[in-house]
Amino acid sequence: MKNKGFTITEVIIVMVIFSIFVLGMIYLLNTYISRVDRNIKILDAINRMTQAGELVTQYLIKATGNATSIEISDSGTEITFNITLAGNIISAKLTVINNKLIKYSEDDQVVDVPIDDVNIRFGLTKSPTDTEPSTSGRLPIIVTISTANPFNPFDVDSSLKVEYKLYPPGIR
């Protein structure tokens, strides 16, 4: 009579081959998950910078008057501009307090505007050929928003940066 079934050697060989296959799949899955995690961190940083840029733009778009009415502090963390409302000129100011908060004020009203772990600096263009922002100069208003590079968060010199160039419609 002939035995039907597998020998112990055949079973062990199949289990070894299956184990190698499973280990390969685990390695590929871990690699995929780490790539997804890196992409999520980059997208989060870009999203935070974009949201901060939209908030700043929302306030700066109200500016009216001439280009010389815009003043930027030497540190680039405060911008003062005028708003014309029903014929009245209102002095407005946008101040970066830290990487979590900006303050917007119109005469006596002050609004705290939370931002999410980004650095904001204001500047103006010195001349049409200059690319670096300055605290005095001419339009456009340059808003530089940066955050730590998620791939290298401990390197101070490594950051992601977005630069907005704004021409408020009320500025002549």
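Residues numbered from 1 in each chain as written. Predicted model: local features only at pLDDT ≥ 70, side-chain atom pairs only at ≥ 80, totals over all residues. Heavy atoms only, no water.

1. Re a nonpolar patch on the surface
Moving on, step 1. Side chains of Phe18, Phe21, Val22, Leu23, Met25, Ile26, Tyr27 and Leu28 sit close together on the surface and give an oily, nonpolar patch of about 870 Å² of accessible area.
Moving on, step 2. The topology assignment puts Tyr27 in helix 1 (residues 8-60).
Moving on, step 3. Take Tyr27: its relative accessible area is 59%, and that puts it in the exposed class. (Patch = residues over 30% accessible without salt bridge, like charges linked within 9 Å, V, L, I, M, F, W, Y side chains within 5 Å. Areas by Shrake-Rupley, 256 points an atom, 1.4 Å probe, with all protein chains shown as cover. Salt bridge = Lys/Arg side-chain N within 4 Å of Asp/Glu carboxyl O. Helix = DSSP H or I, 4+ residues; strand = E, 2+ residues; numbered from the N terminus. Buried < 20%, exposed > 50% of the residue type's maximum accessible area, 1.4 Å probe, protein only.)

2. Here we look at the pattern of salt bridges
Moving on, step 1. Counting across every chain of the model gives 5 salt bridges.
Moving on, step 2. The shortest N-O distance in the salt bridge between Asp117 and Arg48 comes to 4.0 Å. Taken together, the residues span a long stretch of sequence, with Asp117 in the loop between strand 6 (109-114) and strand 7 (119-125) and Arg48 in helix 1 at a distance of 69 residues.
Moving on, step 3. Where salt bridges share partners, they join Asp44, Arg48 and Asp117 into one cluster.

3. Side note on the pairing of strand 4 (residues 88-98)
Moving on, step 1. Sheet analysis places strand 3 (residues 78-85) next to strand 4, joined by 8 bridges and oriented antiparallel. Note on strand 4: the bridge partner recorded for Glu78 is Thr95.
Moving on, step 2. Between the end of strand 3 and the start of strand 4, which pair antiparallel, lie 2 residues, with Ala86 showing a positive phi angle near 55°.
Moving on, step 3. Two elements, strand 4 and strand 5 (residues 101-106), share 6 bridges in a ladder whose sense is antiparallel. Residue Lys93 lies in a different strand from strand 5, and its bridge partner there is Ser105.
Moving on, step 4. Where strand 4 hands over to strand 5, the hairpin turn is made up of 2 residues, counted between the paired strands. (Pairing = 2+ DSSP bridges.)

4. A look at the side chain of Ser105
Moving on, step 1. Tracing the sequence through the fold places Ser105 in strand 5.
Moving on, step 2. Residues within four places of Ser105 in sequence aside, it is in contact with Ser91, Ala92, Lys93 and Val110. (Contact = heavy atoms within 4.5 Å.)

5. A closer look at the nonpolar core
Moving on, step 1. In this structure, Leu60, Phe81, Leu94, Ile120, Phe122 and Val143 are the most contacted members of the largest nonpolar core, which totals 30 residues.
Moving on, step 2. Mapped by element, the contributors of at least two residues to this core are helix 1, strand 3, strand 4, strand 5, strand 7, strand 9 (138-148) and strand 10 (159-166).
Moving on, step 3. Element by element, the count of residues in this core is highest for helix 1, at 5 residues.
Moving on, step 4. Ignoring anything within four residues of it in the chain, the contact list for Val143 reads Val56, Leu60, Ile120, Arg121, Phe122, Val162, Glu163, Tyr164 and Leu166. (Core = buried A, V, L, I, M, F, W, Y, C linked by side-chain atoms within 4.5 Å.)

6. Re the environment of Lys103
Moving on, step 1. Mapped onto the fold, Lys103 is located in strand 5.
Moving on, step 2. Spatially, the C-alpha atoms of Lys103 and Glu78 are 9.3 Å apart, while their sequence positions differ by 25 residues.
Moving on, step 3. Once you skip the residues sitting within four places of it in the chain, Lys103 turns out to touch Lys93, Leu94, Thr95, Ile97, Val110, Val111 and Asp112.

7. Observations concerning unusual backbone geometry
Moving on, step 1. The phi dihedral of Asp107 falls on the positive side, at around 50°, and the residue is not glycine.
Moving on, step 2. Residue position: Asp107 is located in the loop between strand 5 and strand 6.
Moving on, step 3. The phi angle at Asp117 is positive, at roughly 55°, despite the residue not being glycine.

8. Thoughts on the side chain of Thr77
Moving on, step 1. Positionally, Thr77 belongs in the loop between strand 2 (71-72) and strand 3.
Moving on, step 2. In this structure the side chain of Thr77 is engaged in a polar contact, spanning 2.8 Å, whose partner is the side chain of Ser75.
Moving on, step 3. Those residues within four positions of Thr77 in sequence are excluded, and the remaining contacts are Leu94, Thr95, Val96, Arg121 and Phe122. (Polar contact = N/O pair within 3.5 Å; in protein donor to acceptor, adjacent residues only side chain to side chain.)

9. Observations concerning the confidence of the model for the protein
Moving on, step 1. Here the protein averages 86 in pLDDT, while 90% of its residues score no lower than 70.
Moving on, step 2. When mean pLDDT is compared element by element in the protein, helix 1 scores highest at 94, while strand 8 (residues 133-134) scores lowest at 60. (pLDDT = per-residue confidence, 0-100.)

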